[in-house]
Amino acid sequence: MRSLFNFSPRDIAIDLGTANTVVYVRGVGIVTSEPSVVAMETHNGVQRVRAVGDDAKLMMGKTPENLRTIRPLRQGVIADLEVAEEMIKHFIRKAHGGPSRFSRGPEVVICIPSGATSVERRAIRDAVNNAGASSVSLIEEPMAAAIGAGLPVTEPIGSMVVDIGGGTTEVGVISLQGLAYCRSARTGGDKMDEAISAYVRRNFNLLIGEGTAERVKLEIGIARPPIDGKGTVCHVRGRDVTRGVPGEITLDQAQVADALAEPVNRIVEVVRSALEHTQPEIAADVIDQGITMTGGGSLLRQLSGVIADETGLPVRVADDPMSCVALGAGKTLEDKAYSGARLAA
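Residues numbered from 1 in each chain as written. Predicted model: local features only at pLDDT ≥ 70, side-chain atom pairs only at ≥ 80, totals over all residues. Heavy atoms only, no water.

With an unreviewed UniProt entry as reference, the protein chain is termed Cell shape-determining protein MreB, source organism Sphingomonas limnosediminicola. Here is the UniProt Subcellular location (unreviewed entry) comment for the protein chain, exactly as written: "Cytoplasm". (UniProt positions renumbered as here; feature names shortened; annotations may be inferred.)

Quick look at the structure:
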């Protein structure tokens, strides 16, 4: 019987997102998708990980002094290297069913924003290496999203993908397994949450947390005012800034659309800019193929319609948009035809 210490782990692909981390295991598929949140506890001056992912997110905004919740990624890149390493270790262990007992670490494909600097790319590689990977390769998020969405990236056909994540919006124009043009803007789901929080404070003197703003976005978030007036409503609770006591208000979809106008306009601006810089022959293909949207932000109501109206092109939201990047990165492990999409480590 072979020793457990001699088993080689399965290679994995990680979509290390600002809001969520999705892990794909070669030969298995997606095994976990959890918030990119870590709860760190301090005891006698020593820090330790208390919770990661779903459990840590439940603690956000409700922790005592010795416990804090941290989102180690901001705008698609690592903001806290040590905490990011702990989070990646947790997800690698979880992907393999428990503590690592392997003769070597797994090979890891990690997704990065197309606009990440060389320093930011190095930080991501270092974090994954320190978390136990035997080798690391990178793939840009627009390329991974296009592969995961089933676009013909290996063929001489131009395709456009818009990946709206928690921290960034990535627009990629792809042909022959390469990015003919890409544009990255640090606008995404987090900016939408911040816009809702700022709107509520400015108009109602009510202070709300990240979790409440995200809930409003998910429940009644919309990219443009509904045609039937105010639309659906949502009850929002927070702290009244003027009186210093808890308060409650009612928001409707028209108000939320007003709150989200700035981040939505920024996303549209990035898409239009990418189209303006696209080569004429590829632009002709995009007219036929249309624009494919991926990422959690693409699920915002009416956003695809706003982009379609502003560009005059057909726009579709991919099947399972939140998993497209991880699926695409995983496909580069499974199928040699797509391995050329990865960047050298």
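There's more to say after this.
Asks: Hey, could you go over the pairing of strand E9 (residues 107-112) for me, with residue numbers and the actual values?
Replies: A large share of E9 lies buried, amounting to five of its six residues. In this sheet, E9 lies alongside strand E1 (residues 12-16) in parallel orientation, the contact comprising three bridges. Paired with alanine 13 across the bridge in E9 is valine 109. Strand direction decides the pairing type here: E9 and strand E10 (residues 135-140), joined by six bridges, are parallel. Opposite isoleucine 112, over in E10, you have glutamate 140 as the bridge partner. Handedness of the E9-helix H3 (residues 118-130)-E10 crossover: right-handed. (Buried < 20%, exposed > 50% of the residue type's maximum accessible area, 1.4 Å probe, protein only. Helix = DSSP H or I, 4+ residues; strand = E, 2+ residues; numbered from the N terminus. Pairing = 2+ DSSP bridges. Right-handed = clockwise from strand over helix to strand, strands pointing away.)

Asks: Explain the sheet that holds strand E18 (residues 315-317) to me, and be specific about the residues and the numbers.
Replies: Spatial ordering of the open sheet is given by E13-E12-E11-E17-E18, a layout of five strands whose pairing is mixed. Two strands lie at the open edges of the sheet, namely strand E13 (178-185) and E18, each paired on one side alone. Averaged over all neighbouring strand pairs, the angle between strand axes comes to 20°, with direction disregarded. Docked against the sheet, helix H10 (residues 303-311) engages strand E11 (159-164), strand E17 (291-294) and E18, running at close to 150° with respect to E17. (Axes fitted to C-alpha atoms, helices over the stretch in contact; angles between N-to-C directions. Contact = heavy atoms within 4.5 Å.)

Asks: So what about the pairing of E11? Which residues, and what values?
Replies: Taken across its six residues, E11 has six buried, putting it largely inside the fold. Alternating positions in E11 separate into two faces, Ser159, Val161 and Asp163 on one and Met160, Val162 and Ile164 on the other, with burial throughout. Counted along the chain from E11 to the antiparallel partner strand E12 (residues 169-175), the turn is four residues long. Note: E11 against E17, four bridges, orientation parallel. Looking across to E17, one finds that aspartate 163 is bridged to threonine 294.

Asks: Can you lay out the nonpolar core for me, pointing to particular residues and giving the numbers?
Replies: A general feature of soluble globular proteins is that nonpolar side chains tend to end up buried together. With 39 residues, the main nonpolar core has Leu251 and Ile307 as its most contacted residues. For this core, the leading source of residues is helix H8 (residues 261-276), giving six residues. Excluding residues that lie within four positions of it along the chain, isoleucine 307 makes contacts with Ile267, Val268, Val271, Ile291, Met293, Gly312 and Val315. (Core = buried A, V, L, I, M, F, W, Y, C linked by side-chain atoms within 4.5 Å.)

Asks: Describe the sheet that holds strand E14 (residues 206-207), naming the residues involved and giving the relevant values.
Replies: The three strands are arranged E14-E15-E16 in an open sheet whose pairing can be described as antiparallel. Either end of the sheet is taken by a strand with one partner, and the two such strands are E14 and strand E16 (246-252). As paired strands, E14 and strand E15 (residues 233-240) are joined by two bridges and run antiparallel to one another. Directly across from leucine 207, in E15, lies its bridge partner arginine 239. Against the sheet, helix H5 (residues 189-204) contacts E14 and E16, and its axis sits at roughly 110° relative to E16. Strand contacts of helix H6 (residues 210-220): E15 and E16, with the helix running at about 170° to E15, the strand carrying the most contacts.

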